[in-house]
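Descriptive analysis of the structure
Chain residues, written in single-letter form:
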Amino acid sequence: MSLANSQSFFARCLRSRSFVVGGVITAFLLLCALVSLFWTPGEAFVITVKDRFKGPSLEHWLGTDQFGRDVASMLMTGTQNSITVGVVAVSIGLFAGVALGLYASAKRGWTEELIMRFSDFSFAFPAILSAIMITAILGPGGVNSIIAIGIYNIPVFARLTRGSANAIWTREYVMASRASGKGKFRITVEHILPNILSIIIVQATIQFALAILAEAALSYLGLGTQPPDPSWGRMLNEAQTLMFLQPMQAVYPGAAIALAVFGLNLLGDGLRDVLDPRLSRKR
Amino acid sequence: MLLLDVENLNVDLSTAKGPARAVRNLNIQLEKGETLGIVGESGCGKSMTALALMGLLPDNGTATGAIRLGGENLLDKSEAEMCRIRGNRIAMIFQEPMTSLNPVHTIGRQIMEPLRLHRGLDKKDAMEEVVRLLDRVGIPNPSERVRNYPHQLSGGQRQRVMIALALSCAPDILIADEPTTALDVTIQDQILDLIQTLVEEEGMSLVLISHDLGVIAENTQKVVVMYGGTVVESGNTDKIFDELTHPYTQGLFAAMPKVGMGRNKRLTTIPGTVPDLVNLPKGCTFTDRCPIATDACRDTVPAIQDMSSTHQVACHHMQNAITARETGGLYK
Amino acid sequence: MSVFFVKRFMTLLATLFGASVVIFLVMEILPGDPALVILGVDATPEATAALTKELGLDRPALERYFTWISGLLVGELGNSYAYKVPVTELISGALKITFPLAIMSMALSVILALVIGLYAAAHHNKASDVTLMGISQLGISIPNFWLAVLLVLFFAVNLRWFPPGGFPGWEEGFWPAVRSLVLPAVALATVQGAMLARITRSSVLEVYREDFVRTARAKGVSRQATLWGHVLRNAMIPVLTVMGIQFGNLLVGTVIAENVFHLPGLGSTVLKAINNRDIIVVENVVLLLAAIVVIVNFFVDILYAVVDPRLKAHDI
């Protein structure tokens, strides 16, 4: 990419309002996660019973929970958890799904049929239901819930990849490469993958948001991240039992989840505008 | 009697790149029963003119000037009043018969719609009228075809359905925007003949829009040549084809394949591309592609002048253009 | 139509069969001995063995699979390990809550989506459109269980318009029962409805650009009448697809909503059953949920053919 090209790429990024707002929110979350590795405003893990149910103050920005832990610190530390879940779960789905999709698209015939029927079939089990079943086998826990969400992501990416790849396979330049004797693997790497990359990146952003939602839901149900690791979903679950006493404690973690998902969704929309102008419509 | 009088019509579009004037100072007069051709390349303002006549400009477009139908200015009409005129007094046929019909409704239902809307027919009478109309436009087995969906018809048949639709309320004016461009060559003539016959029988006026000089020459009495949103030449069709004057008209004609032309001879083309409507030259819109343009052309708009009572041209260098035509043409 | 129908029906049966196999296999791998779970950890090996035999768990897997499926066909699902009551009874009890809840939230979400989506499309690029789409962008980001908690805080705890949770049972009368389902239904419908509204809007706008819309306008049909008579039906095609997919999400969403509102529906039943290693309940409930998803999507496919006449021609 030439300099002029990359400049116009950044210019386009900055012109997309969704991209800017989504990018800022996502960057903020990443920053929270990074900072919380070294510093938090209070104690996210240590139980100090005498400090419980404190209201917001300079010392405890958002107050403390029933164990005297600092809520703002727990939220910050929870960011790490959500981002890890998103990255790992999406990576699992991305690599396995894209590989399967590319393979199906290159092979065609019964291989494609088999892979696609299987991914069709997996849609009979909606996300949370499959995750519940998988955590039922593997037992509840953070890692297991990540695996469950990752497995669910595989058919999503497989379908998308196969559909977009099939469209590229019919293009003239791919025909030309085939006619010049290039193998299917080389064509896949040289032509197919680069051409569908932007669609996959956009989808990955959206799946990232969905993964955060799914993990929060699983943790909320007690099947995901286990104590003492802070997780937004579980914080919400714990706060719910004390809803009448401390209503605000049920508000914060949900707001954090919503903010993260909102930011990532916007970033995905913005990326779509920037990476694939054909997909976005002039307003 | 003057049926349609378009006076100083301007169509402005607000685009992402800035304001663009798609049609500038257009004047058209059309008598009852007369046929008029509008010719020009894509993007010259032909279709915008048609849409302005229908009052169907896109949301980012505005028309100023006057479009008088039987003395009443259509630009002053409310949307509700225009709804009573569209499909009733002015009807239109579009370029793409494949996509111009609603895929989820039967063709009978689609033709019935204006009949019930404008002529107030009940369902039964409307259906009988639909069958009669389909028969009229040459669709075989019309009483069965009414139950068909558009995807069950060929392109030519769909264009016939579009014609039946336009014909349904016996409009004063029929606007046909490139009605045959999307069709097979063999079907093109059939459709044009059908339009011609119906126009004569019904006594309608026709506005035929095309990029194809041949189509215009065969089917119209008067012609308007448009370039960059302005009229560069207008007059009686026969007259214009005898005395091509404006450099653009000459170019269009030169670019047309002719019978008996050598197999290896290349078609002449006008150099350059259609102008960007956002950055038009201040003067003559054709300046950038014109072989005889001078600085004067860029700065001042050429007035439209009478060559004769039935032939008008807008060019600063009319005499040079005529001389060039008589000595072998501007484009070689 | 008939070939199309038969083809889709065969796919439906194949998917259901596949689902039953997968669920059975998953339950096979599921760790934990049901007999041990029922009797407690200090049960004697003899007692455990006897119970295993009584439950039929000592027989080969294939045999147990066929027993299960043939039982399904005649409505004999056996007894819950944990509660010693017929599984059919447990499920039908739970369905009395989950089914009305799913229908209520689906109806709410569709109404919400159509009203907002059509209004926004009709006011494309005006302030109201931009505002509605901003709100819907927020709406799809909100976790439904959090919204549920917020609704409880506001409408049940503060305003006391609705009960904060629990279900009085249909015997207590229609209104009290419906009242306890309103908040969970709203929580589920808001998120799904926001997503559907965005899709409705973009689909309507897409169709608005089609040539046949211009034809309709050229016939003299007003803007409003074009929307209802020509645009809507075409725009519904992609919206239907999403509705089908969403129904699945909604159904599973009830698992979470039931948890927030302490409703003894299918969701609570399956969660409890997983904790109790009550395999027989889990496999039947999960299969039921999967079956509902598949069957709903089957009907969506059939509905396509009704909405879009081109489909029949392609598939036959």
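Residues numbered from 1 in each chain as written. Chains lettered and ligands numbered in written order. Predicted model: local features only at pLDDT ≥ 70, side-chain atom pairs only at ≥ 80, totals over all residues. Heavy atoms only, no water.

Let's talk about the overall build of chain C
Test applied: By the criteria applied, helices consist of DSSP H or I runs no shorter than four residues and strands consist of E runs no shorter than two, each listed in order from the N terminus. A simple rule labels every residue: compare its accessible area, found with a 1.4 Å probe on the protein chains alone, to the largest value its type can have, and call it buried under 20%, exposed over 50%, or partly exposed in between. Here, residues are in contact when the closest pair of their heavy atoms is within 4.5 Å. Working definition of accessibility: Shrake-Rupley area with a 1.4 Å probe, residue cover restricted to the visible protein chains. For the purpose of counting charges, residues Lys and Arg are taken to be positive, whereas Asp and Glu are taken to be negative. His and the chain ends are not included. Lys charges are placed at NZ, Arg charges at CZ, Asp charges at CG and Glu charges at CD.
On a plain count of helices and strands, chain C comes out with 13 helices and 0 strands. Along its sequence from the N terminus, chain C presents helices and strands in the succession α-α-α-α-α-α-α-α-α-α-α-α-α. Each of the three principal axes of chain C carries a C-alpha extent, and together these read 85 × 60 × 35 Å. Counting all 316 residues of chain C, 50% fall into the buried class. Sequence separation of at least 24 residues holds for 73% of the intrachain contacts in chain C that already meet a minimum separation of 6. Surface exposure of chain C reaches about 14,200 Å², of which carbon and sulfur atoms provide 69%. One finds the centroid of the 22 positive side-chain charges in chain C at a distance of 17 Å from the centroid of its 21 negative side-chain charges.

With respect to the sheet that holds strand 9 (residues 222-227) of chain B
All names here are of chain B. Stated formally: Two strands pair under a simple rule: DSSP has to find at least two bridges between them. Axis lines are fitted through C-alpha atoms, for helices just across the contact stretch, and the angle between N-to-C directions can take any value from 0 to 180 degrees.
Strand order across the open sheet formed by 8 strands is 6-7-8-3-9-10-12-11, with mixed pairing between neighbours. Strands with a single pairing partner mark the edges of an open sheet, and in this sheet they are strand 6 (90-93) and strand 11 (305-308). Strand-to-strand, the axes of this sheet are offset by a mean angle of 20°, without reference to chain direction. Here strand 3 (residues 35-39) pairs with strand 8 (residues 205-210) via 5 bridges, running parallel. By the bridge assignment for strand 8, L36 is matched with V207. Against the sheet, helix 6 (residues 155-167) engages strand 6 and strand 7 (173-177), with an angle of about 175° to strand 6. Set on the sheet, helix 10 (residues 247-254) makes contact with strand 3, strand 9 and strand 10 (230-236); between it and strand 9 the angle comes to about 100°.

Considerations on the pattern of salt bridges
Convention followed: A carboxyl oxygen of Asp or Glu within 4 Å of a side-chain nitrogen of Lys or Arg is what we treat as a salt bridge.
Under the criterion given, the structure shown has 30 salt bridges over all chains. In this structure, D12 of chain B and R21 of chain B form a salt bridge, with 2.9 Å as the shortest nitrogen-oxygen distance. For D12 of chain B, a relative accessible area of 22% corresponds to the partly exposed category. The exposure class assigned to R21 of chain B is partly exposed, which follows from its relative accessible area of 34%. In this structure, D129 of chain C engages R201 of chain C in a salt bridge whose closest nitrogen and oxygen atoms are separated by 2.8 Å. Here R201 of chain C lies in helix 8 (residues 174-208) and D129 of chain C lies in helix 6 (residues 127-141), a separation of 72 residues in the sequence. The exposure class of D129 of chain C is buried, given its relative accessible area of 1%. The class of R201 of chain C is buried, set by a relative accessible area of 15%. Salt bridges sharing partners connect three or more residues here, namely R108, E112 and R162 of chain A.

Describing the interface of chain C and chain A
Spelled out, the test is: Buried area adds together the accessible area that both of two parts lose upon being put together, with accessible area traced by a 1.4 Å probe. Polar contact is the term for a pair of N or O atoms within 3.5 Å; when the atoms are in protein, one must be able to donate a hydrogen and the other to accept it, and sequence-neighboring residues count only if both atoms are side-chain atoms. When residues are grouped by polarity, Ala, Val, Leu, Ile, Met, Phe, Trp, Tyr, Cys and Pro land in nonpolar, Asp, Glu, Lys and Arg in charged, and all others, Gly among them, in polar.
Contacts between chain C and chain A engage 41 residues on the former and 35 residues on the latter. Contact with chain A buries area across many residues of chain C, yet S141, F145 and W146 of chain C alone supply 17% of it, more than any other trio. At the junction of chain C with chain A, the criterion picks out 1 salt bridge. The salt bridge involving D269 of chain A is made with R198 of chain C; its shortest N-O contact spans 3.8 Å. For the pair chain C and chain A, the number of links is 4 residue pairs in polar contact (both at pLDDT 80 or more). Looking at the side of chain C that touches chain A, the elements that each hand over two or more residues are helix 1 (2-29), helix 6, helix 7 (144-158), helix 8, helix 10 (223-261), helix 11 (266-275) and helix 12 (279-307) of chain C. In terms of residue class, the side of chain C that touches chain A is built from 29 nonpolar, 8 polar and 4 charged.

With respect to unusual backbone geometry
Residue and element names in this part refer to chain B. Of note, A170 is a non-glycine position whose phi angle comes to about 45°, a positive value. Relative to the helices and strands, A170 is located in the loop between helix 6 and strand 7. The exposure class assigned to A170 is partly exposed, which follows from its relative accessible area of 45%. If you check the backbone angles, E178 has positive phi at about 45° while not being a glycine. Counting through the fold element by element, E178 comes out in the loop between strand 7 and helix 7 (185-202). The class for E178 is buried, based on a relative accessible area of 7%.

Focus: the nonpolar core
For clarity, the cut-off: Take the buried residues of types Ala, Val, Leu, Ile, Met, Phe, Trp, Tyr and Cys, join any two whose side-chain atoms come within 4.5 Å, and each joined set is a nonpolar core.
One finds F125 and I132 of chain A together with F145 of chain C to be the most contacted residues of the largest nonpolar core, which totals 148 residues. The biggest single contributor to this core is helix 10 of chain C, with 19 residues. Excluding anything up to four places from it in sequence, F125 of chain A contacts S130, M133 and Y152 of chain A together with A19, I23, V286 and A290 of chain C. Core analysis: the second largest hydrophobic core is formed by 73 residues, L3, L13, V199 and I209 of chain B among them.

Regarding the sheet that holds strand 4 (residues 61-69) of chain B
Within a sheet, neighbouring strands are paired by backbone hydrogen bonds and run either parallel or antiparallel to one another. Residues and elements named next belong to chain B. Strand order across the open sheet formed by 4 strands is 2-1-4-5, with antiparallel pairing between neighbours. Edge positions in the sheet fall to strand 2 (18-31) and strand 5 (72-73), since each of these pairs with one other strand and no more. As judged from the 2 bridges shared by strand 4 and strand 5, these two strands associate in the antiparallel manner. Paired with L69 across the two strands is E72, which belongs to strand 5. Relative to strand 1 (residues 2-15), helix 1 (residues 46-54) is tilted by about 115°, and along the sheet it contacts strand 1, strand 2 and strand 4.

Regarding the packing of aromatic side chains
Definition in use: Two rings belonging to Phe, Tyr or Trp (six-membered ring only in the last case) form a pair when the distance between their centres is within 6.5 Å. Interplanar angles under 30 degrees mark stacking, angles over 60 mark edge-to-face geometry, and anything in between is tilted.
Summed over the entire model, instances satisfying the criterion amount to 14 aromatic pairs over all chains. Plain terms: the ring middles of F241 of chain B and F253 of chain B are 6.2 Å apart, the flat faces sit at 70° to each other, and that makes the pair edge-to-face. With F241 of chain B in helix 9 (residues 237-242) and F253 of chain B in helix 10, this residue pair connects regions lying 12 residues apart in the sequence. Aromatic side chains Y65 of chain C and F66 of chain C sit 5.5 Å apart centroid to centroid with 75° between the ring planes, which places their arrangement in the edge-to-face category. Classification of Y65 of chain C by relative accessible area gives buried; the value is 8%.

Brief notes about helix 4 (residues 109-122) of chain A
Three or four residues apart is the spacing at which side chains of an α-helix point the same way, because the helix has 3.6 residues per turn. In plain terms, the rule: Expected span, for any helix, means 1.5 Å times one less than how many residues it has.
Over its 14 residues, helix 4 of chain A runs 20 Å from end to end, which matches the ideal 20 Å to within 8%, given 1.5 Å per residue. Looking at helix 4 of chain A, one finds that the buried residues are T111, E112, I115, M116, S119, F121 and S122 of chain A.

Quick word on helix 8 of chain C
The criterion, for reference: Note that bend, as reported per residue, equals the angle between axes fitted to the 7 residues terminating at that residue and the 7 residues originating from it.
Taking 1.5 Å per residue, 35 residues should reach 51 Å; helix 8 of chain C reaches only 43 Å between its end C-alpha atoms and comes up short. Considering bend angle alone, the principal kink of helix 8 of chain C is centred on V182 of chain C and spans about 35°; proline P184 of chain C follows within four residues of it.

A look at a nonpolar patch on the surface
Residue and element names in this part refer to chain A. In plain terms, the rule: Patch membership requires over 30% relative accessible area and the absence of a salt bridge. Like charges are linked within 9 Å, and nonpolar side chains (Val, Leu, Ile, Met, Phe, Trp, Tyr) within 5 Å.
Together, L31, L34, V35, L37, F38 and W39 give the surface a local cluster of nonpolar side chains, amounting to about 670 Å² of exposed area. Tracing the backbone through its elements, the reader meets F38 in helix 2 (residues 17-38). F38 gets classed as exposed once you look at its relative accessible area, which sits at 74%.

Quick look at the side chain of N153 of chain A
Checked against the element boundaries, N153 of chain A lands in helix 6 (residues 142-169). Under the relative-accessibility criterion, N153 of chain A is labelled buried at 2%.

A word on the packing of helix 3 (residues 71-107) of chain A against helix 4 of chain A
All names here are of chain A. Note the following rule: Each helix crossing is assigned a hand: it is left-handed if the near helix lies turned anticlockwise from the far helix by less than a right angle, otherwise right-handed if that turn is clockwise.
The contact between helix 3 and helix 4 brings their axes to 7 Å, and the two run at 145°. By crossing handedness, the relation of helix 3 to helix 4 is classed as left-handed. Contacts from L100, Y103, A104 and K107 in helix 3 reach G109, T111, E112, I115 and M116 in helix 4. Its residues assigned to classes, the contact of helix 3 with helix 4 shows 5 nonpolar, 2 polar and 2 charged.

Some thoughts on the pairing of strand 3 of chain B
Residue and element names in this part refer to chain B. A large share of strand 3 lies buried, amounting to 5 of its 5 residues. Where strand 3 and strand 9 come together, 4 bridges link them in parallel fashion. Bridge pairing in strand 9 links L36 to K222.

Observations regarding the pairing of strand 4 of chain B
Residues and elements named next belong to chain B. Here strand 1 pairs with strand 4 via 8 bridges, running antiparallel. Its bridge partner being in strand 4, V6 is matched across the sheet by I67. Counted along the chain from strand 4 to the antiparallel partner strand 5, the turn is 2 residues long, and its residue G70 has a positive phi close to 55°.

With respect to the confidence of the model for chain C
Interpretation of this model should avoid reading the predicted coordinates in detail wherever pLDDT is low. All names here are of chain C. Rules: Per residue, pLDDT measures the predictor's confidence, with a range of 0 to 100.
When pLDDT is averaged along chain C, the result is 83; 96% of the residues meet or exceed 70. Mean pLDDT values for the elements of chain C range from 60 in helix 13 (residues 309-315) up to 92 in helix 9 (residues 211-218). In the predicted complex, the global pTM is 0.80; the interface-specific ipTM is 0.85.

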